[in-house]
Amino acid sequence: MAPNDSAHTTEEAGDLVAGRRKAARYLVPVGVAGVAAATIGLVPALAASGDPDLPKISAQQLIEKIAASDAQQLSGTVKINTDLGLPSFGGLAGSFAPKGGPGGGSSASPDSKLMELASGSHTLRVATDGQDKQKLSVLDKASEYSVIHSGTDVWAYDSASNQVYHSKRAADGKKEFRGGVEKGHPGKAPESMPTTPKAMAEQALKAVDPTTSVTVDGTVHVAGRDAYQLVIKPKQSGSTIGAIRIAVDAKNGVPLKFTLAPAGGGKAVIDAGFSKVDFAKPSASTFDFTPPKGAKVTQDDGKAHAGKAPQGKGQGKEFKGLNVIGKGWNSIARLDVPGGKGIPSAHSDKGGKGGGSPEAQKFLNSLGDKVTGKFGSGTVYKTRLINALVTDDGKVYVGAVTKDALVNAANAAK
């Protein structure tokens, strides 16, 4: 690496927090859909000529460079690989999706389709021309899935099934379209699961606080562009996150590559980056879409969601008593399962009768480890990033922390 370590750490956390807030406010989403997520053995597009020789820059200055970036037009190819230590989500996404829910059961609906990005390797084509025109295509060997946002229209097309999904954005602009999600409108993929390096960087910058070390660690070439490397690390022990590395375009401040390495070592949990990128204005035709002849078109008018809480916020009937234990990277969310019992079987519906998915139950069982402590007994459901302890008396502890940290939190609560 070229010598370029600014050694900016959390002694200047106040400035860094201010900088990342600006970044979160000004970062322009370049994708039209997010997964969840979120989220890799990326095949990097690194030049063979060695690391670029760039002027020195501090961590604070680099964060400000991201915040000041005004690049709203680009097109390119993103390679993304997610290894959460989970079985493949192929075929499982529908097992967790509510029947008759958003999207009307269309295979083109972003709800379940984009959940597939939460595991494995994928190639995406992205394009953006400001806030009102974005396109994201997920490329497969024999098919393609695309989500297109153009003005007030959101289209999604699954070539494998020849199905089309269509929804309208509020013309008054009250519903904010971000990364494929209309804020406050359920039925789209969650905002917390971004699909591009820029959106992932935005989420990472929100974590910068006094428990965080932030430095600049040299330079790299990504997709033929010179870039600085911003490194974000938790200062606390007990987190499952080892380090987040963001390659930032030296010229325009756009994040080009995002890598999340686990504390336990091994390959990255998330590794996403451009293999090709062009900051010229995409052709206007890129964002045109007409349903192919014979395609089944599903219209989502939002009526199915009227009066319902947005996804991720309507959990009051299933869980209650949410509290946050600890601070920073070691924060653990604690909540109660209704009825004072552990997670119900995926085979059971609200009445306790069969009707759930055997695949979903098998998936949950594959993640569990039985544990005991002062709190009693329970099961830890684990991934390489997020772990959750579900006690037999109906308490849930979840966070990006180790199994021991969850057990200690449960013991301390007694």
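Our focus in this paragraph is the overall build of the protein chain. What the protein chain contains, in helices and strands, is seven helices and 20 strands. Total accessible area computed for the protein chain in this model is approximately 19000 Å², and 52% of it derives from carbon and sulfur atoms.

When we look at burial in helix α7 (residues 403-412), the residues that qualify are Leu406, Val407, Ala409, Ala410 and Asn411. In the core, the buried residues of α7 are packed alongside β16 (332-336), β17 (368-373), β18 (376-382), β19 (387-391) and β20 (395-399).

This brings us to the sheet that holds strand β10 (residues 225-234). As summarised here, the arrangement of the twelve strands in space is β9-β10-β11-β12-β13-β1-β2-β3-β4-β5-β6-β14, forming an open sheet in which the pairing is mixed. Two strands bound the open sheet, and with one partner strand each, they are β9 (212-222) and β14 (296-300). Taking the axes of each pair of neighbouring strands and ignoring which way they run, one obtains an average angle of 15° across the sheet. As judged from the six bridges shared by β10 and strand β11 (residues 241-249), these two strands associate in the antiparallel manner. Bridge assignment links Tyr228 to a residue of β11, and that residue is Val248. The strands touched by helix α5 (residues 197-205) are β1 (73-82), β10, β11, β12 (255-262) and β13 (270-278); relative to β12, the strand with the most contacts, the crossing angle is about 55°.

Attention shifts here to the packing of aromatic side chains. For any pair of aromatic rings, the description consists of the separation of the ring centres together with the inter-plane angle of the planes. Applying the stated criterion across every chain yields a total of two aromatic pairs. Here the aromatic rings of Tyr157 and Phe289 are separated by 6.0 Å at their centres, their planes lie at 45°, and the arrangement is tilted. Residue Tyr157 is located in strand β5 (residues 153-158), and its partner Phe289 is located in the loop between β13 and β14; the two are separated by 132 residues in the primary sequence. Within the aromatic cluster, the residues linked to one another by ring pairs are Trp155, Tyr157 and Phe289.

The subject of this paragraph is unusual backbone geometry. One non-glycine residue, Asn162, adopts positive backbone phi at about 55°. Structurally, Asn162 can be placed in the loop between β5 and β6 (163-168). The exposure class assigned to Asn162 is partly exposed, which follows from its relative accessible area of 23%. One non-glycine residue, Ala223, lies in the positive phi region at around 55°.

So, about the pairing of β13. Counting buried residues along β13, seven of its nine residues qualify, which places the element largely inside the surrounding structure. Two strands pair when backbone bridges link them, and β1 and β13 are joined in this way by eight bridges, in the antiparallel orientation. Within β13, the position partnered with Thr82 by the bridge is Ile270. Sheet analysis places β12 next to β13, joined by four bridges and oriented antiparallel. Bridging across to β13, Lys257 finds its partner in Gly273.

To continue, consider the nonpolar core. Grouped together as the largest cluster of nonpolar side chains are 56 residues, with contacts concentrated most on Leu230, Ile232, Ile244, Ile246, Phe258, Leu260 and Phe274. With residues near it in sequence (within four places) discarded, Phe258 still touches Pro197, Met200, Ala201, Ala204, Ile244, Arg245, Ile246, Ile270, Asp271 and Ala272. Residues Val371, Phe375, Val380 and Ala409 belong to the second largest nonpolar core, which totals eleven residues.

To continue, consider the environment of Ser150. Considering the arrangement of structural elements, one finds Ser150 in strand β4 (residues 144-150). By relative accessible area, which is 23% here, Ser150 ends up partly exposed. When residues no more than four places from it in sequence are discounted, the contact partners of Ser150 are Asp132, Lys133 and Phe287.

Attention now goes to the confidence of the model for the protein chain. Put simply, the protein chain has an average pLDDT of 76, and 65% of its residues get 70 or more. Here residues 89-102 is a poorly scored stretch, pLDDT under 50, and it has 20 contacts once near neighbours within four places are set aside; other chains count.

Moving on, we come to α5. Burial runs high along α5: eight of the nine residues are buried. All buried positions along α5 are accounted for by Pro197, Lys198, Ala199, Met200, Ala201, Glu202, Ala204 and Leu205.

Taken as a whole and assessed by the stated rule, the structure comprises eleven salt bridges. With a closest N to O distance of 3.8 Å, Lys267 and Asp83 form a salt bridge. Of this pair, Lys267 sits in the loop between β12 and β13 while Asp83 sits in the loop between β1 and α3 (93-96), placing them 184 residues apart in sequence. Residue Lys267 is classed as partly exposed on the basis of its relative accessible area, which comes to 49%. Each of Asp83, Lys267 and Arg384 takes part in one network of salt bridges that share partners.

When you line up the elements, Asp249 lands in strand β11. Assessed through its relative accessible area of 1%, Asp249 is described here as buried. At 2.6 Å, the side chain of Asp249 forms a polar contact with the side chain of Arg225. In this structure Asp249 touches Lys65, Arg225, Asp226, Ala227, Val254, Leu256 and Phe279, once residues within four positions along its chain are discounted.

The rules behind the values
- Residues numbered from 1 in each chain as written.
- Predicted model: local features only at pLDDT ≥ 70, side-chain atom pairs only at ≥ 80, totals over all residues.
- Heavy atoms only, no water.
- Helix = DSSP H or I, 4+ residues; strand = E, 2+ residues; numbered from the N terminus.
- Areas by Shrake-Rupley, 256 points an atom, 1.4 Å probe, with all protein chains shown as cover.
- Buried < 20%, exposed > 50% of the residue type's maximum accessible area, 1.4 Å probe, protein only.
- Contact = heavy atoms within 4.5 Å.
- Pairing = 2+ DSSP bridges.
- Axes fitted to C-alpha atoms, helices over the stretch in contact; angles between N-to-C directions.
- Phe/Tyr/Trp six-rings, centres within 6.5 Å; stacked < 30°, edge-to-face > 60°.
- Core = buried A, V, L, I, M, F, W, Y, C linked by side-chain atoms within 4.5 Å.
- pLDDT = per-residue confidence, 0-100.
- Salt bridge = Lys/Arg side-chain N within 4 Å of Asp/Glu carboxyl O.
- Polar contact = N/O pair within 3.5 Å; in protein donor to acceptor, adjacent residues only side chain to side chain.

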